[in-house]
Amino acid sequence: MPEESTAEVTAAGIARLAGVGRAAVSNWRRRHADFPKPVGGTETSPSFSLADVEQWLRDQGKLAEVPLRERVWQQLAAHPSGTVAGLVHTGCALLLLRARPGAWTELAALPDDRLGELLPGVFEEVLTARFGLPRSVHTPTPAETLPAVPLLRAAVELAAELGGPRQAFEFLLGRHLDANPRQYTLTPPPLAELMAALAVAAAPEGRPLATVLDPASGTGGLLRAVPHPTALYAQDADPDLAALSALRLALHGDADIRAATGDTLRADAFPSLHVDAVLCHPPFNERTWGHDELAYDPRWEYGFPARTESELAWVQHALARLRDGGAAVLLMPPAVASRRSGRRIRADLLRRGALRAVVALPAGAAPPYGIPLHLWVLVRPGADQRPPAETLFVDTAGLVPDAGRDRLPWTTLRNTVLDAWTGRGGEESVARAVPVIELLDDEVDLAPARYLAAPAAGGTAPELAAIRDRLDETLRRTQGLTPTPVPARPAPRPLTTVGELARTGALRLRTGGSGTAPAGAGVPVLTEHDVLSGGAPSGTLPAGGPGEGREEPVLVIEGDVVVPVLGGGSVARVVDAATAGAALGRNLQLLRPEPAALDPWFLAGFLRGTANNRQASSFASTATRLDVRRLQLPRLPLADQRRHGAHFQSLAEFEEALRLAARLGEQLVQGLYDGLADGSVEPA
C-alpha cells in the first residue's frame, strides 16, 4: 500500500513550508545534527523525506501544521512519473468528483490498493463521456494509479477546502506553471479576456460565440476566457499540454470539449471544422513549420507563406477554420506587419476584407515581454459580402509609458481597444480607421504607429511651464529638508536580530508572492520595483478566489516594513495609509512590528544600514539574497526608538523629495528636447 512518507521535498519546498528563505534551511542543515538526511536528489540539489521534515519542523517549534494545499503540492511534485503526469491523474480524479460525486464517495471508502485497481475503469468511463474518442487525455493504468492514490485523496480534500474541483486544479496547475516559468509560453489572463472580448465584438450582430477553436492551445487559457461557449476545440503539439488544457476546460464549464495532440499546420486534427471564432497565440518565428511539404495546401487562400512567415500560415489556418462571418483574434509579433516577404499576403488580406484591425499592445503585455506585440482581428469574408473600405489601427503603447508586465492598466487598455472597435471614441493618436486604398503601397506596412497622429512627445509649452514650476517648488523643499550630520560619541549597544524579534513575538514575518484577488476586487500589488523606486503599488492581481492557481495574497497594513530580498541593496520601506491594502509582491519580505514593542521607522532605518545588509546577505551564482532574519538592530527602549525613528522618517522625506526633483528634471529636459524638435516650443 502506498505511503505518504514516500513523498520528497527539496530545500526550496522546506523553506516554503516553514515560511523562511533558502539560506535559513541551509543554516539548519549545518547547525542541527538531527536535521533529516537527504533521501534523494543530487549533491547540489538534495531531496528529503516530507514526513521526516514535517516532524523535525514541529519538534523545533517551526511548524504547527502543514497547510493542506502545501501538502498536496509536495505530494504532486513527488509523483513518481513527474509533476505533469501527477496533474493529469489529479485532473482525472477531480473530473470524476465533478461528474459523479457519489461514485467518488463510494470508492474513497475502499483501501488504497483496491481503490488503485478500480479507479482506471471509472476514469475511462468519465473521460470517454466528457471528451469522446479519440482524446488527448489517456486513462492511467492501475500500475500508474496505485502510487498516486494518497495524492488523489488529498486533492479531493483540497477541492472541498478551496470550493470545488475547478479551484483545486487551477491552484495546482498555477503552482506548477509558476515553478517552471521558462518551460511554458503563457497568455496572461487579462490579455486572453481582451482577445475573447474582441472576438465577441467582431461577431455579426453581437452573436454569442457558440463554437471556438484554439489551434495552439497551450494550457487552455484563451479558450477558458470565452464566455458561455457550447463547444471548445483545442489542439497542441505537446501531448502534456493538450491533456492539461482538456482537463482544465472540462473542469471550468459544461461546454463540449474536443482536444487533440499534433502539429496543427502539418496534421490538422479538425480539417472539416468551421467555428464561430478562433483565438490563437501561435509560436513565433518558426522556420520548420512545414513550408516544404505544405506548398499545395488548400488553406493558403491568400498566398503561400514564405519560410520566414510562419505567423501568416497560422493566420490563414485560422481563417480556413471559420464559418463565413466568423472572427479570429491572433497575437502576433510586430515584425509580421512590415516584413517584405509577407507583403503580398497582407495586401490580399486587406483587399478581400479579411483583416479588420491591427492593435499594437504595450511592451510587457505577453511573452516575449520586451516586445510590443500586436493583435490581428480577422473576419472570414462571406461569398456575397462586400469588403469594408477601411481597416482599424489602434496603438495603446502611449497609454502606459514605461510600464512593465506587472503594471499594465488592463481595464484602460481593454476599454480603449473595444471603444475603438465599436467606434465609440478615441483620439487619432490612439485609434484611426484608414482607407484600404491608402495601405496598398509597395510595402503594405501595417504597423499602427505609421497611421496614427503622433502626440506632442514632451507636452505643450504650458504643460512644460507647469512642470518647471513644480520642479522649482520641489528644489526649495529639498533644500529645507537637507539634514545636518551631528557627531556622536561611539558607545557599545546590545544588539538583537530580526529572527530573535520574530521568535519573541515583537514582529511577524511574511513572504510576498503571487495570489488572486477576491472576485470583483481590484487589488493593487506592491512590487519590488515600487519599493526600490518609492512609487505607488503598480501591479495587479488576477480576479478570482484563492484556489484559482495561486495562494491568498499577503495584504500590507500601515506601519509594516517591506524589504526586497534580492539584489544586495539596502532598502526598506514603511507602508503608509495610501499603500495599505495592497498585496505584497514577489521577492519582498514583510516585517510587521508590534506597536508596543517596536517603532516601524526605527526598524526600517536600522535595516537600511550598509554593513547590516552586507553581513546578512548570501551570494548565489547570479544574485545576492538577503536573509532578513540575520539583520541586526540595537535593543533600545520604545522612547529612544521613536527618537531615532523620527530622524529616519525625515531622511525618507528628503530622499523622496530628491527622487521627485530628479523625475521632474528629466521630464522637463526631455520635453524641451522634443518640443524644440517637433516645433511645439520656440527657442527662448
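It should be noted that the structure appears before, not after, this text.
Analysis parameters
- Residues numbered from 1 in each chain as written.
- Predicted model: local features only at pLDDT ≥ 70, side-chain atom pairs only at ≥ 80, totals over all residues.
- Heavy atoms only, no water.
- Helix = DSSP H or I, 4+ residues; strand = E, 2+ residues; numbered from the N terminus.
- Rg over C-alpha atoms; globule rule 2.2 N^0.38 Å.
- Buried < 20%, exposed > 50% of the residue type's maximum accessible area, 1.4 Å probe, protein only.
- Contact = heavy atoms within 4.5 Å.
- Areas by Shrake-Rupley, 256 points an atom, 1.4 Å probe, with all protein chains shown as cover.
- Pairing = 2+ DSSP bridges.
- Right-handed = clockwise from strand over helix to strand, strands pointing away.
- Phe/Tyr/Trp six-rings, centres within 6.5 Å; stacked < 30°, edge-to-face > 60°.
- Lys NZ or Arg CZ within 6 Å of the ring centre and 35° of its normal.
- Axes fitted to C-alpha atoms, helices over the stretch in contact; angles between N-to-C directions.
- Core = buried A, V, L, I, M, F, W, Y, C linked by side-chain atoms within 4.5 Å.
- Patch = residues over 30% accessible without salt bridge, like charges linked within 9 Å, V, L, I, M, F, W, Y side chains within 5 Å.
- Salt bridge = Lys/Arg side-chain N within 4 Å of Asp/Glu carboxyl O.
- Lys, Arg positive; Asp, Glu negative; His and termini not counted.
- Charge placed at Lys NZ, Arg CZ, Asp CG, Glu CD.
- Parallel < 35°, antiparallel > 145°, perpendicular 65-115°, else oblique.
- Left-handed = near helix turned anticlockwise from the far one by under 90°.

Student: Explain the overall build of the chain residue by residue, including any values.
Tutor: For the chain, the count of helices and strands is 23 helices and 23 strands. Its C-alpha atoms give the chain a radius of gyration of 29 Å, within 12% of the compact-globule value 26 Å for 684 residues. For the chain, the C-alpha atoms occupy an extent of roughly 90 × 90 × 40 Å along the three principal directions. Scored against the burial criterion, the 684 residues of the chain give a buried share of 50%. Within the chain, contacts between residues separated by at least 24 positions form 73% of all contacts whose residues are at least 6 apart in sequence. Accessible surface, the chain: about 31,800 Å² in total, of which carbon and sulfur atoms supply 52%.

Student: Please give an account of the pairing of strand 7 (residues 275–280) that cites residues and values.
Tutor: With respect to burial, strand 7 is a largely interior element, 6 of its 6 residues being buried. Where strand 4 (residues 211–214) lies against strand 7, 2 bridges are found, and the strand directions are parallel. Bridge pairing in strand 7 links L213 to V278. In this structure, strand 7 lies alongside strand 8 (residues 322–332), joined through 5 bridges in parallel fashion. In the strand pairing of strand 8, L279 is matched with V329. In this fold, strand 7 hands off to helix 14 (residues 310–320), which returns the chain to strand 8; that crossover is right-handed.

Student: Please give an account of the packing of aromatic side chains that cites residues and values.
Tutor: What the rule picks out here adds up to 9 aromatic pairs. Considering the side-chain rings of F606 and F648, the 5.4 Å spacing of their centres and the 80° angle between planes classify their relative orientation as edge-to-face. On the criterion of sequence distance, the pair formed by F606 in helix 21 (residues 600–607) and F648 in helix 23 (residues 638–678) is long-range, its members being 42 residues apart. Looking at F606, the relative accessible area reads 15%, which means it is buried. What links up through ring pairs into an aromatic cluster is the set W28, F35, F48 and W56. The ring of F171 has R69 lying over it, and the distance from NZ or CZ to the ring centre is 5.3 Å.

Student: Give a description of the sheet that holds strand 20 (residues 588–593) that names residues and reports values.
Tutor: Taken in spatial order, the 4 strands of this open sheet run 14-20-17-18, and their pairing is antiparallel. Two strands close off the open sheet at either side, each with one partner strand: strand 14 (507–511) and strand 18 (573–574). In the sheet, strand 17 (residues 561–564) pairs with strand 18 via 2 bridges, with the strands oriented antiparallel. Along strand 18, the bridge assignment pairs V562 with R573. Together, strand 14, strand 17, strand 18 and strand 20 form the strand contacts of helix 21, whose direction differs from that of strand 17 by roughly 15°.

Student: Account for the environment of V563, naming residues and giving values.
Tutor: Its location among the elements puts V563 in strand 17. Between the C-alpha atoms of V563 and D384, which are 179 residues apart in sequence, the distance is 64 Å.

Student: Break down the nonpolar core for me, with residues and values.
Tutor: In terms of nonpolar packing, the biggest core is built from 94 residues, with L96, F131, V137, L191, L279, L331 and L375 touching the most fellow members. Not counting residues up to four positions away in its chain, the partners in contact with L191 are L331, L361, A365, A366, L375 and W410. Counting 43 residues, the second largest nonpolar core, distinct from the first, contains A216, L265, W289 and A318.

Student: Give a detailed account of the side chain of T264, specifying residues and quantitative values.
Tutor: Position of T264 among the secondary structure elements: in the loop between strand 6 (256–261) and strand 7. A residue is classified by how much of its surface remains accessible, and T264, at 2% relative accessible area, is buried. Apart from residues lying up to four places away in sequence, T264 is in contact with P215, Q235, R299, W314 and H317.

Student: Report on a positive patch on the surface, specifying residues and quantitative values.
Tutor: There is a patch of like positive charges on the surface, built from R30, R31, R503 and R630. In this structure R630 comes out as partly exposed when scored by relative accessible area, which is 31%.

Student: Account for the pattern of salt bridges, with residues named and values stated.
Tutor: Oppositely charged side chains can pair when the atoms bearing their charge come close. One pass over the structure, following the stated rule, counts 35 salt bridges. In this structure, R340 engages E443 in a salt bridge whose closest nitrogen and oxygen atoms are separated by 2.9 Å. Taken together, the residues R340 in the loop between strand 8 and helix 15 (343–351) and E443 in the loop between helix 17 (436–439) and helix 18 (461–481) connect sequence positions 103 residues apart. Taking the relative accessible area as the measure of exposure, R340 reaches 46% and is therefore partly exposed. Across the pair R608 and E655 runs a salt bridge, and its minimum N-O distance is 3.0 Å. On the criterion of sequence distance, the pair formed by R608 in the loop between helix 21 and helix 22 (610–615) and E655 in helix 23 is long-range, its members being 47 residues apart. Accessibility expressed as a relative area gives 33% for R608, which makes it partly exposed. Ionic contacts of the salt-bridge type, sharing partners, join the residues E301, D324, D348, R352 and R380 into one network.

Student: Any chance you could break down the sheet that holds strand 15 (residues 524–526) for me, citing the residues and the numbers?
Tutor: The strands making up a sheet are joined through hydrogen bonds of the backbone, oriented either antiparallel or parallel. Read across the sheet, 3 strands follow the order 16-15-19 without closing on themselves; strand pairing throughout is mixed. The open sheet terminates on both sides in strands that have one partner only, identified here as strand 16 (539–540) and strand 19 (583–584). Summarising the sheet, strand 15 and strand 19 pair through 2 bridges and their orientation is parallel. Within strand 19, the residue paired with V525 across the bridge is A583.

Student: Can you explain the packing of helix 11 (residues 189–202) against helix 16 (residues 410–422)? Please cite residues and give values.
Tutor: Direction vectors running N to C along helix 11 and helix 16 enclose 15°, while the axes themselves pass 10 Å from each other. Put simply, helix 11 runs roughly parallel to helix 16. When the axes of helix 11 and helix 16 are compared, the crossing they make is right-handed. Facing helix 11, whose interface residues are P190, L191, E193, L194, A197, L198, A201 and A202, helix 16 presents W410, R414, V417, L418 and W421.

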